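Notes for the structure review
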Amino acid sequence: MPSAETSQAALLDEERRLVLKHDRLFLVATMRGDIHGKPRGGLGLFQDDTRLLNVYELRVAGGPPSVLSYEAPRAYCAQVDLAVNDVPFGGDAWDPKYAVHIRRELILADRLYERLTLTNYLARPVDYWIELALGSDFADIFEVRGWQRGRRGTLLFPEPRGDSLHLAYQGLDGKVIQTAIWFRRPPSLLTGHTARWEMTLARDTPWEVEWEVRGDPVTERPTAEPRFGATKAALEDGYRAWRLAGSNWKTDAPRFDVVLRRAIDDLAALYGEVDGAPVITAGIPWYSTVFGRDSIIASLQTLPFNSRIARETLRYLARRQGAKTDRFTEEEPGKILHETRRGELARTGEIPHVPYFGSVDATPLWLILLHETWRWTGDTRLVTELLPNAERALAWIDGVGDPDQDGFVEYEGSAVLRNQGWKDSGDAVAFPDGRRAEGPIALVEVQGYVYDAKVRMAALYRALGRETRAAQLEAEAATLRQAVVDQFWSEELRSFVLALDGSKCPIPTVTSNAGHLLWSRVPTKEQAAALGRRLLEADLFSGWGVRTLSTSHPVYNPMSYHNGSVWPHDNAILVLGLALNDQVEQALPIVRGLHDVAVRSDFQRLPELFCGLRRQRGVRPIQYPVSCSPQAWASGAVFMMLQAVLGLYPDAPAGILHVRNPSLPDFLNELTVSGLRVGDSFVTLEFRRYRERTLVNLLDVTGDPLQMRIELP
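These lines cover the structure that appears in this document, whether it is placed above or below. (Residues numbered from 1 in each chain as written. Predicted model: local features only at pLDDT ≥ 70, side-chain atom pairs only at ≥ 80, totals over all residues. Heavy atoms only, no water.)

Let's talk about the packing of helix H15 (residues 584–600) against helix H17 (residues 637–646)
Packing of H15 against H17 brings their axes to within 10 Å, and their N-to-C directions diverge by 150°. On the basis of the axis angle, H15 is roughly antiparallel to H17. For H15 against H17, the interelement crossing comes out left-handed. Taking contact as the criterion, the partners of Val 584, Leu 588, Val 591 and Leu 594 in H15 are, on H17, Met 641, Ala 644 and Val 645. Partitioning the contact of H15 with H17 into residue classes produces seven nonpolar, no polar and no charged. (Axes fitted to C-alpha atoms, helices over the stretch in contact; angles between N-to-C directions. Helix = DSSP H or I, 4+ residues; strand = E, 2+ residues; numbered from the N terminus. Parallel < 35°, antiparallel > 145°, perpendicular 65-115°, else oblique. Left-handed = near helix turned anticlockwise from the far one by under 90°. Contact = heavy atoms within 4.5 Å. Nonpolar A, V, L, I, M, F, W, Y, C, P; charged D, E, K, R; others polar.)

Quick look at the structure:
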């Protein structure tokens, strides 16, 4: 029977995660590098919403080994160091010494590669063995999350073939999915479930074995030469090229520089080919696919880093814009998709994600992204190319998106998603006492997005010489803004209400949603000032960030998904909104809080969300149990916050970069950004903080000439 200490160590091992991602593949393993075969919990090697491996466990003589360290220096690679003590080999049980060192090195490319190195530090040779347990349930990602199916396809018998093991599954749609494990050093014994090597380990002489795990196609036999080192070098070259293609950010805070580098690498890892086109995907493990809202917001966040993400997101979503009315998928003409899936459940029609369109905000956000990309790039050809899609999106907003024609975009909800804003969990739109709102629901932040989209589209039409259309959109935007101010603002709450329900009754719940209106520039000057102060009050600001919901409401739960947790992307939008309303000083505590979260988190990355418990001295932020990490709009949040505090507002069509009231947070004294692209100009700027003031120097401009205008409030 295991001891309490052993059980606790196993529990820790089970809960902590090693996550790797590259292109279509991602791996979620324990900190040992293992996958234990449990049907739930999210462990596995996945590709295209299908689990290729659900058993991948290293067993060794004298084990289980102790974990010495584990790290993932890049999103695509990890190193785990293990050790076995000398007791099983005649050592002193009262004074055990680590004797056999085991190094696991894993990388993801177009497949999973692992290199295992054993080194014996006993004073003599030792007979040894290792075993790799293998298996796959080929579960759809929805099954892994808990989806109950009436029946499944057929697991085919595993086929050991000397130097490889082949696993296969035939789905209910008839498609056969395969996983092949190829061994560069043939095992001593290979069965349908295990590969075993027996060897004699000489003292201080490394013994190596490599293998690779591949999804479809698996017919090509790999070369006999070791490929681990060459593959890793090629991946590093690719990631280096990704970093060099974007702007470079350097500060005087080394720990924050690590956060920035991690965010840039994670964005590369989450970038991949989906249905034949490159696009940023959402996050690991549950959302390794395209989400309209997530991809758009990540694109908006990362325009200061690299506009490629935004361009390809715009085009990907435009090509898949709604063209017909379909009640099952909630597709409507002009609507931007919510989520697309490629697993068996989607292929058999058991879920509507082919793609699914149940999102009320992706359509106006797509329009905002189109304009903001133009502001950064000056690419009028891109605007002209996508203008027909923009017109269809505007038609959806004014038509199907506003079914009762009251001027507000609303949603009714469905069996798939009851709520269809960014807080889309079933209990996310509720009255303060927890009563769930009935639709159709007009969310406060969505009205802000629509206002902003119309203002921005008016600017694009004016730039294209279509004055009449521009004036029409400006008038519609002004009418909507006044309606939001009149019907959503609450003097009692000193905030905007969460939404209007189906009876046009205000839902007086204090949430972070209201702060998005600062980004959209909807509030009056007085409302913006009051709202800015309100966001930093103790019931909303946890010390780590702004909560999604006030602690003063009975429905508050700091460990819920949307009713009291803290989301970095949400906070980044609040920071930019505060800066746009000349309240950058109020935004600095939020930036400081999220910085502290990032440097204290595993692998120095911001998670999708974390618990909204009050910050306590000496205590790390409390992690949400199934938070995605990495997550694209969490990685991108860093760049949106930097844009806000540095006051970077481009006008590429006019050849101008506005730098408005820069204000470095207290953990930074210096920041240099080089290669910042505005149109076809590349700028290097240096920011330095002197007490309460931040000064900016223009160090270099290459490419086209560019004006820089420094503006103070």
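Concerning the nonpolar core
Counting residues in hydrophobic clusters, the biggest one holds 234 residues, and the most contacted among them are Tyr 128, Ile 130 and Trp 366. Residue contacts for Tyr 128: discarding those within four places in its chain leaves Val 60, Ala 61, Val 84, Phe 89, Val 100, Ile 102, Leu 118, Trp 197, Glu 198, Met 199 and Leu 201. (Core = buried A, V, L, I, M, F, W, Y, C linked by side-chain atoms within 4.5 Å. Buried < 20%, exposed > 50% of the residue type's maximum accessible area, 1.4 Å probe, protein only.)

Re the sheet that holds strand E1 (residues 17–22)
Ordered in space as E1-E2-E4-E5, the four strands form an open sheet in which the pairing is antiparallel. Either end of the sheet is taken by a strand with one partner, and the two such strands are E1 and strand E5 (50–53). Here the strands of the sheet are splayed against their neighbours by 25° on average, with no regard to which way each runs. Two elements, strand E4 (residues 44–47) and E5, share three bridges in a ladder whose sense is antiparallel. In the sheet register, Phe 46 faces E5, and the bridge partner there is Arg 51. (Pairing = 2+ DSSP bridges.)

Comments concerning the packing of helix H8 (residues 362–377) against helix H9 (residues 380–398)
The geometry of a pair of packed helices is captured by two quantities: the angle between their axes and the separation between those axes. Here H8 crosses H9 at 155°, and the two axes come no closer than 10 Å. With respect to their mutual orientation, H8 and H9 come out roughly antiparallel. Between H8 and H9 lies a crossing whose hand is left-handed. Residues Thr 363, Pro 364, Trp 366, Leu 367, Leu 370, Thr 373 and Trp 374 of H8 form the contact with H9, whose own contacting residues are Thr 380, Leu 382, Val 383, Leu 386, Asn 389, Ala 390, Ala 393, Leu 394, Trp 396 and Ile 397. A breakdown of the residues in the contact of H8 with H9 according to their chemical character gives 13 nonpolar, four polar and no charged.

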